[in-house]
Each structure stands twice: as C-alpha cells, then as structure tokens.
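Coordinate inspection notes
Below are the chains, spelled out letter by letter.
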Amino acid sequence: MLEEGELEELKSRLKNEFSDYYEIAGGQNYRYRHLLTTRKLALKIIQQPEISGKDFDEKVVEISALFHDIGRKEDIQDGFLDPMETHEGHDRTGEKIVENFVEDFVNSQQLKKIKKAIGNRHSDAKTVEGKILQDADDLSNFGVNNLWRSIHYSSDHERTLQEAIDYFWNQQTDQYREKIENMYFRFTKEKAEERLQRLKSTIKDIEREINAEDL
C-alpha cells in the first residue's frame with residue numbers, strides 16, 4: 001500500500017485538478033470524491049481470496065484507481081464538465097498524462113502497468129491490475145449512493161421525477177445488469193447485485209411515497 005505521506009501527496013495533486021468546477025451527474029467537484037471511493041473499493045477487492053492469490057502489484061492497483069480519470073481534467077471547460085463528452089477519450093488521455101502526476105512514486109515497470117490499466121479502462125483489461133480497476137470503478141456506480149448522480153443528471157436534463165423513475169426501470173436496470181455480467185470477479189458481481197437490489201428497493205419506496213401508498 002501507499003505510505004500515508006505518499007497517499008496524502010497524491011490526493012493533493014488530484015484535488016488540485018478536480019476543484020472549483022461543476023459536473024453533470026455529480027455536481028461540484030464530484031470527480032475527486034469518485035476517485036477516492038474507487039481506491040477504497042479496489043483495496044477491498046484485493047483482500048478477497050479469489051484475488052489475493054493472483055500476481056499483481058498493490059501499489060499499481062492503488063495509484064491506478066486514484067488516477068484512472070485523470071484524463072477528465074482535459075475535459076473541464078470554463079469550470080464545467082459533461083462526462084458524456086470528451087475530446088479524445090479520457091482513458092487514452094489519462095494514459096498519456098498520468099506519469100506527470102505519479103512518476104516520482106513508482107519505478108518504470110510500475111508506471112508501465114499503471115498506464116496500461118488506465119488506457120484499457122473502457123476495453124478488455126489486459127492485466128490483473130486492470131481487471132481490479134475496472135470492477136472497482138464499475139462497482140462505485142452501483143447502489144443507493146448513485147441516486148446523487150441520477151438526481152443531478154435528471155435535473156440538468158429537466159426531467160420530472162416520474163420520468164426519472166421510468167428511465168430507471170425501463171433502461172437503467174438493463175444497463176446495470178449488463179455491467180454485472182461483464183465484471184471480472186465473483187466478489188464484485190455479488191456486491192454489485194446486492195447494491196442493485198438495495199437501489200431497486202429505494203426506488204420502490206420513493207414511488208410508494210409519492211403515491212401516498214406508504215400511509
């Protein structure tokens with residue numbers, strides 16, 4: 001794992017890049033919090049028996065998780081970021097620029113692995129570290145916590161509450177199911193399923209409340 005001083009310095013570098021901007025589907029400075037969450041999830045994943053016996057570099061996993069979206073900094077324009085828009089592909093951009101932020105913390109072999117994990121984030125992972133990163137990043141978007149992003153997205157697109165709920169049942173649940181099927185590890189598949197069920201339950205509670213069916 002990163003030493004405490006190393007972690008704090010890397011977090012500081014991230015915060016400098018993802019502060020004082022507004023993001024659709026996330027709000028003010030969302031990306032920084034997301035990166036910290038992805039790191040925490042990655043560290044949980046590598047503790048699982050099905051992964052712990054595999055050959056991987058823990059430091060590579062941790063830094064890749066922290067910086068997998070560093071390419072997004074290039075997409076912030078005038079204090080605004082639309083995550084659906086990117087000038088090249090933030091994974092490939094991140095692969096090119098990540099060494100500017102982390103090269104003094106890793107050796108050349110580790111840096112090569114970090115670049116590969118980030119560059120392949122939205123394609124088939126080529127390494128164990130890349131698979132861990134992809135599952136951690138995908139898992140971060142599952143669960144009740146992701147309502148925060150859904151609310152922001154719906155608000156920015158002027159949807160009504162009912163339209164947002166209909167979108168969840170008619171489209172988003174299928175998208176979640178596909179992500180679960182494409183995850184690499186049994187542990188992340190199971191946790192994603194648990195989070196999805198909690199989210200479904202919460203959406204049902206919201207529907208009952210707006211229809212006064214909870215009384």
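Each remark here, short or long, concerns the structure printed above.
These numbers were taken from a predicted model, which means no experiment stands behind them.

On a plain count of helices and strands, the chain comes out with eleven helices and three strands. Shown N-terminal to C-terminal, the secondary structure of the chain runs as helices and strands in the order α-β-β-α-α-α-β-α-α-α-α-α-α-α. Against the 2.2 N^0.38 benchmark of 17 Å for 215 residues, the chain shows a C-alpha radius of gyration of 18 Å, consistent with a compact globule. Along the three orthogonal principal directions, the C-alpha set of the chain runs to about 60 × 45 × 30 Å. The buried share of the chain, reckoned over its 215 residues, is 48%. When the accessible surface of the chain is summed, it comes to about 11,300 Å², and 43% of that surface belongs to carbon and sulfur atoms.

This brings us to the packing of aromatic side chains. Taken as a whole, this structure holds four aromatic pairs when the rule is applied. Ring plane angle 35 degrees and centroid distance 6.1 Å describe the contact between Phe67 and Phe101, whose orientation is recorded as tilted. Separated by 34 residues along the polypeptide, Phe67 in helix α4 (residues 58–67) and Phe101 in helix α6 (residues 99–102) bring together distant segments of the chain. We classify Phe101 as buried; its relative accessible area is 11%. One cation-aromatic arrangement involves Arg159 over Tyr167; the distance from NZ or CZ to the ring centre is 4.3 Å.

This brings us to helix α2 (residues 30–45). Because each turn of an α-helix spans 3.6 residues, side chains separated by three or four positions in sequence point in the same direction. Between the first and last C-alpha of α2 there are 23 Å, a value that for 16 residues agrees with the 22 Å anticipated at 1.5 Å per step. Of all the 16 residues making up α2, twelve are buried; the element is thus mostly covered by neighbouring parts of the structure. Every buried residue of α2 is accounted for by Tyr30, Arg31, Tyr32, His34, Leu35, Leu36, Thr38, Arg39, Leu41, Ala42, Leu43 and Ile45.

About the thresholds
- Residues numbered from 1 in each chain as written.
- Predicted model: local features only at pLDDT ≥ 70, side-chain atom pairs only at ≥ 80, totals over all residues.
- Heavy atoms only, no water.
- Helix = DSSP H or I, 4+ residues; strand = E, 2+ residues; numbered from the N terminus.
- Rg over C-alpha atoms; globule rule 2.2 N^0.38 Å.
- Buried < 20%, exposed > 50% of the residue type's maximum accessible area, 1.4 Å probe, protein only.
- Areas by Shrake-Rupley, 256 points an atom, 1.4 Å probe, with all protein chains shown as cover.
- Phe/Tyr/Trp six-rings, centres within 6.5 Å; stacked < 30°, edge-to-face > 60°.
- Lys NZ or Arg CZ within 6 Å of the ring centre and 35° of its normal.
- Expected span 1.5 Å × (residues − 1).

Shape descriptors only; they carry no functional weight alone.
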